[in-house]
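Chain and residue survey
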Amino acid sequence: MAAEPDTSLEEIVVTALRRTQTAQEVGVAIDTASGQELETLRIQQPLYLSTISPSLSTMNATTDNTPLFLIRGIGLDDFNTNNSSGVGIYLDQVFASFPGFLTSALFDVNRVEILKGPQGTLYGKNTAGGAINIISNAPTDHLEGYVDVDYSRWDTLDVSTAVSGPLNDSVKARLAATATLQGEGYQRDIDTGEKYGKLNRGGVRASFDIRLTDAANVLLILHYIYDHSVPSSPSTPNVEALIPPQPFQTAGLLDSPAGGTWVRVGGLPLYKDENGEGAVATLNVDFGGVTLTSISDFDDFSDHSLDNYDGYPAADNNWTKNFQQQQFSEELRLASAGPGLIDWIVGAEYAQNRYQCRDSLDWTFVYGLADSITDSGKAITAANFIQTQQSVGIYAHAETHLSAQWSLVTGVRYSHDEVAFDGKTIDPTGLLTYATNNFTGPIVPNTVLAALDQSRSSQNVSYRIEPEYRLSNKVWLYASLATAYKAGIFYGQPAQVQVDWGYVNPEHVRTAELGVKSRYFDDSLEVDAAAFDSDIRDRQSSLSLWAGPVGTQPLLAGLGNVPRSRIDGVEGDVESRPLKGLQVRLGATYLHARVTQTLTNDNGLALYTPVEVGQMLPDAPRFSASWLISYEHVATGALRLYAQANDHYVGAEHPYLADPTTFGRGHSLGARIGVRNPVAHWDTSVWVTNLTDTRPLTYAFAGSEGQQVSYYQKPRSVGVNFTFTF
């Protein structure tokens, strides 16, 4: 029978600094969650990890296709899938180099670690905002497993299962799988009655822990994921007031009401066909006082989809995606066995990525070529390019224990990155160019709008200096100065003009931080807090631009460098077990994120609205917070009754610079009640998400006509869950 719950908080074991430690011993602000907590909170994709960490901002910049991650306001706000996040996300110790690798379901997860602040030494490039470790459950010494079945609104069935155990004396294995099948979409087209937002996705993972010798083992993980969903659609409330007069009726036929459940797609056959597979082999060899680790990875992901990106039924930015992403990486590191006077790690990494794109955008309505609202296929920008990247990194990290109270953490990394871009965007019909020229001149099919064949390289040295002081056995103080950088990249959306395609310089971040980690009252209360100041040079920012003279051309998006910006902030986390069975968790983050040196244009293209000194940085809400309260009561015998409530609040934020659109300012309240029997190995519960059925904007931006393209929080959903373990 399971032990009675007490009031002591558990010690959370993490590998954030590439060695096993408790979270309280790590001199980095860190949020953690177990796999069980992720399931209880209905966190089914990396996108929703912000539920457990107010410092983490997440959003979908396209329809469930380009998840964006920012920690403390630093990360990525570019919606193009050839870019990499400025928050390094690691799946079983492997860096996910493209957003496509982050859209799959989270399943059979052991824990998640969210490291806040630059992690440029141990983790490398593209960790300017921080790093997120997602660690899968490993094969076990004894036979065990579970089946988890969930049924909820919109006739949605979620099934996850795993079985694990030894195959022989030298090999342990684990097989895990998940699938989500939704019977009907949660959105309905006002005009056609067609439904959208209908999930059909899943994945499978096979893990093998192979003992080669008493001192060596290899963990081999093979995985496959798919997503064949019918995508949801954004909507717009105000395009009718912004478009010029048309030769056909548009009044009352383009706008959609707020809330996101009633949309206008215009009969566009939205679809998604995503598939990904990969393998990672982790070799560990113990040489006594030193451990060698080798991590080898290959991943492949492809996407074929159609997105109603403009949010209304006409052909304005209808986005057909057709791309493939591949990555190969190898990391070798040596680590001291520890603990000793100096616990050290040295290592080297090599990565090679390839991205092939054949995307196209339909602009028929915008350029005045449509004979009806849904007329399409006349004005197209079609891109065909290949982007390749190579990265090399060498690093060293040391924790020197100067005395029983004082320690000094130091780290340094050298990075060399190369990126090459080769391709062009064409006007297949020639009509877009014809319309741009005021409907004069010849119509020339396959007119080249932009062409680029270029390669660039960059180098960087990142460092970390961090004194730590143990005030008592339960109170740790730390101060750190850390740097990191995000490698340079090319802009990847099909271009309307040549200057929209170009190289964007690396982003550099330097952060000073003071923090405290503490526990009180026999470990029943934990209080962690940090204050930080980040200076950002050449921040990579999406920009809203005019394609030609101001006010005479449709708006388009670009990617540029903001010369200087700054983010100051404070954050705090409190966790307590004041009574047996009762647990309370509170977290909050305050940011003052602003431009300190402005830009006036992007490669000569005028900004939609001015970017002024002091302007709020995009996707950096001033205030965000979350709380969770759970209670478990021993009923009779082995039965346990439990209840939980949680909420996540995000303040107002903007999508990118030169775009005045505002989103956020909303809550996401959830709850669960259930009963479990740990002796009989079953658990059943009823849950609800978005309990108050509020519909705040989760993302919004100015479309090509200046309209507000809107993504809303999904409506309330209620479900029932049953889990059996063995």
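The structure displayed is predicted, hence computed values, not measured ones. (Residues numbered from 1 in each chain as written. Predicted model: local features only at pLDDT ≥ 70, side-chain atom pairs only at ≥ 80, totals over all residues. Heavy atoms only, no water.)

Moving on, we come to the overall build of the protein. Looking only at helices and strands, one finds 2 helices and 42 strands in the protein. Taken over the C-alpha trace, the protein has a radius of gyration of 26 Å; the compact-globule value for 726 residues is 27 Å, and the two agree within 12%. With respect to the principal axes defined by its C-alpha atoms, the protein has extents near 80 × 55 × 50 Å. Taken over 726 residues, the protein has a buried fraction of 58%. Here the analysis covers contacts within the protein between residues at least 6 apart in sequence; of these, 67% occur between residues at least 24 apart. Here the protein has roughly 27,200 Å² of accessible surface; of this, 58% comes from carbon and sulfur atoms. Taken as two groups, the 49 positive and 81 negative side-chain charges of the protein have centres that lie 3 Å from each other. (Helix = DSSP H or I, 4+ residues; strand = E, 2+ residues; numbered from the N terminus. Rg over C-alpha atoms; globule rule 2.2 N^0.38 Å. Buried < 20%, exposed > 50% of the residue type's maximum accessible area, 1.4 Å probe, protein only. Contact = heavy atoms within 4.5 Å. Areas by Shrake-Rupley, 256 points an atom, 1.4 Å probe, with all protein chains shown as cover. Lys, Arg positive; Asp, Glu negative; His and termini not counted. Charge placed at Lys NZ, Arg CZ, Asp CG, Glu CD.)

Reading across the sheet, the 5 strands line up as 3-9-10-7-8 and stay open at both edges, with mixed pairing between neighbours. Taken across any chain shown, the strands that pair with only one partner, and hence form the sheet edges, are strand 3 (30-34) and strand 8 (94-95). Bridge analysis of strand 7 (residues 87-91) against strand 8 gives 2 bridges, and the strand direction is antiparallel. Along strand 8, the bridge assignment pairs Tyr 90 with Phe 95. (Pairing = 2+ DSSP bridges.)

Here the idea is simple: oppositely charged side chains can pair when their charged atoms come close. Within this structure, the stated rule accounts for 36 salt bridges. With a closest N to O distance of 3.0 Å, Arg 539 and Asp 77 form a salt bridge. Here the residue Arg 539 occupies a position in strand 31 (residues 525-546), and Asp 77 occupies one in the loop between strand 6 (74-75) and strand 7, the gap between them amounting to 462 residues. Neither Arg 539 nor Asp 77 differs from the other in exposure class; each is buried. Salt bridges here are not isolated pairs; linked through shared partners, they connect Asp 31, Arg 72, Lys 116, Glu 513, Glu 571 and Asp 573. (Salt bridge = Lys/Arg side-chain N within 4 Å of Asp/Glu carboxyl O.)

In this model, Gln 93 sits at a positive phi of 75 degrees, which is unusual for a non-glycine residue. Summarising the element assignment, Gln 93 is placed in the loop between strand 7 and strand 8. Classification of Gln 93 as partly exposed rests on a relative accessible area of 30%.

Moving on, we get to the packing of aromatic side chains. In total, this model carries 31 aromatic pairs according to the counting rule given. Chaining the aromatic ring pairs together yields one cluster made of Phe 98, Phe 101, Phe 301, Phe 323, Tyr 355, Phe 385, Phe 421, Phe 490, Trp 501 and Tyr 503. Geometry around Tyr 90 places Arg 18 over its ring, the cationic atom sitting 5.6 Å from the centre. The ring of Trp 319 is capped by Lys 321, whose NZ or CZ atom sits 4.4 Å from the centre of that ring. (Phe/Tyr/Trp six-rings, centres within 6.5 Å; stacked < 30°, edge-to-face > 60°. Lys NZ or Arg CZ within 6 Å of the ring centre and 35° of its normal.)

Here 16 bridges tie strand 22 (residues 342-357) to strand 24 (residues 380-401), and the two strands are oriented antiparallel to one another. Note on strand 24: the bridge partner recorded for Ala 348 is Ile 394. Where strand 23 (residues 360-362) meets strand 24, 3 bridges bridge the pair, whose relative direction is antiparallel. Counted as the bridge partner of Ser 360 is Ala 382 from strand 24.

The subject of this paragraph is the sheet that holds strand 14 (residues 187-189). Reading across from one edge, 15-14-18 is the order of the 3 strands in this open sheet, with mixed pairing throughout. Looking at strand neighbours, the two that pair on one side only are strand 15 (195-196) and strand 18 (262-263), the edges of this open sheet.

This brings us to the confidence of the model for the protein. Per-residue pLDDT for the protein has a mean of 94; in total, 99% of the residues score no lower than 70. Low confidence marks residues 1-5, where pLDDT is under 50. Its contacts with residues over four positions away, or in another chain, come to 10 contacts. (pLDDT = per-residue confidence, 0-100.)

Further remarks concern the nonpolar core. Among the nonpolar cores identified, the biggest contains 69 residues, and Leu 49, Ile 132 and Trp 501 are the most heavily contacted of them. Residue contacts for Ile 132: discarding those within four places in its chain leaves Leu 49, Leu 56, Phe 69, Ile 71, Val 87, Gly 88, Ile 89, Tyr 90, Val 112, Glu 113 and Ile 114. Counting residues in hydrophobic clusters, the runner-up holds 23 residues, among them Ile 74, Phe 532, Ala 547 and Leu 607. (Core = buried A, V, L, I, M, F, W, Y, C linked by side-chain atoms within 4.5 Å.)

Consecutive side chains of a regular strand alternate in pointing toward one face of the sheet and then the other. Pairing geometry for strand 12 (residues 156-166) and strand 13 (residues 171-182), over 11 bridges, is antiparallel. From the neighbouring strand, Val 159 faces strand 13, where its bridge partner is Ala 179. As consecutive antiparallel partners, strand 12 and strand 13 are separated by 4 residues. Summarising the sheet, strand 13 and strand 16 (residues 200-213) pair through 11 bridges and their orientation is antiparallel. Paired with Thr 180 across the two strands is Arg 201, which belongs to strand 16.

Attention now moves to the environment of Val 550. Along the chain, the position of Val 550 falls in the loop between strand 31 and strand 32 (555-576). Through-space distance from the C-alpha of Val 550 to that of Leu 605 is 9.1 Å; in sequence the pair is 55 residues apart.

Mapped onto the secondary structure, Asn 677 falls in strand 38 (residues 663-677). In terms of polar contacts, Asn 677 uses its side chain to reach the backbone amide nitrogen of Val 679, at 3.0 Å. Within polar-contact distance, the side chain of Asn 677 engages the backbone nitrogen of Ala 680 at 2.9 Å. Beyond its immediate sequence surroundings of up to four residues, Asn 677 is in contact with Ala 638, Leu 639 and Trp 682. (Polar contact = N/O pair within 3.5 Å; in protein donor to acceptor, adjacent residues only side chain to side chain.)

Quick look at the environment of Phe 439 now. In this fold, Phe 439 is placed in the loop between helix 2 (431-436) and strand 26 (447-472). Taking the relative accessible area as the measure of exposure, Phe 439 reaches 41% and is therefore partly exposed. Residues Phe 439 and Asn 308, spaced 131 residues apart in sequence, show a C-alpha to C-alpha distance of 27 Å. When neighbours within four sequence positions are excluded, Phe 439 is seen to be in contact with Tyr 367, Gly 368, Leu 369 and Tyr 434.

This part takes up the environment of Tyr 350. Tracing the backbone shows Tyr 350 in strand 22. What makes Tyr 350 partly exposed here is its relative accessible area of 27%. Separated by 54 residues in the primary sequence, Tyr 350 and Ser 296 have C-alpha atoms spaced 9.8 Å apart. When sequence neighbours within four positions are dropped, the list of residues in contact with Tyr 350 reads Phe 328, Ser 329, Glu 330, Gln 390, Ser 391 and Val 392. Within the local environment of Tyr 350, its side chain forms a polar contact with the side chain of Gln 352, the two groups lying 2.8 Å apart. A distance of 2.8 Å separates polar atoms of two side chains, one belonging to Tyr 350 and the other to Gln 390.

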